[in-house]
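Geometric and topological summary
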Amino acid sequence: MENTLAELKTTQIGTRTVMPSKSPDLVFQEIYAHLVLYTGLRVLTQSSGEPQ
């Protein structure tokens, strides 16, 4: 889990990026969107490496 969060923080969001959302609900929505994108990219990466 730590590797996932570290990779998400440094490669997707960026090291100096601040979440622009002001309310806790919108911050949660942004984090959730990043996690969904990360998971989708991981699934796509894994499936592209499998023989057909």
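What you see is a predicted model; the values in this text were computed from it and never measured.

1. Overview of the overall build of the chain
- If you tally the helices and strands in the chain, you get 2 helices and 0 strands.
- Burial statistics for the chain: of 52 residues in total, 8% are counted as buried.
- With the model as given, the accessible surface of the chain reaches about 4,700 Å², and the carbon-plus-sulfur share is 62%.

2. Examining a nonpolar patch on the surface
- A contiguous nonpolar surface patch, about 360 Å² in accessible area, is contributed by Phe28, Tyr32 and Val36.
- Structurally, Phe28 is set in helix 2 (residues 24–49).
- Relative accessible area serves as the criterion here: at 59%, Phe28 is assigned to the exposed category.

What counts and what doesn't
- Counting restarts for each chain: residues are numbered from 1 in the order of the written sequence.
- Whole-chain, interface and lining totals are the exception, using all residues; otherwise, since this is a predicted model, local features are given only for residues with pLDDT of at least 70 and side-chain atom pairs are given and counted only at 80 or more.
- The side-chain values count all of the structure's non-hydrogen atoms but skip hydrogen atoms and water molecules.
- For the purposes of this entry, the term helix denotes a DSSP run of H or I that reaches at least four residues, the term strand denotes a run of E that reaches at least two, and both are numbered from the N terminus.
- Burial classification: accessible surface area is computed with a 1.4 Å probe over protein chains only, and a residue below 20% of its type maximum counts as buried, one above 50% as exposed, and the rest as partly exposed.
- Using a 1.4 Å probe, the Shrake-Rupley method yields the accessible areas, and only the shown protein chains count as cover for residues.
- Every patch collects residues that have over 30% relative accessible area and no salt bridge, joining them within 9 Å if they carry like charges and within 5 Å if they are nonpolar side chains (Val, Leu, Ile, Met, Phe, Trp, Tyr).
- Salt bridges are defined by distance alone: a side-chain nitrogen of Lys or Arg within 4 Å of a carboxyl oxygen of Asp or Glu.

Such coordinate-based values are descriptive only and should not be taken to indicate function.
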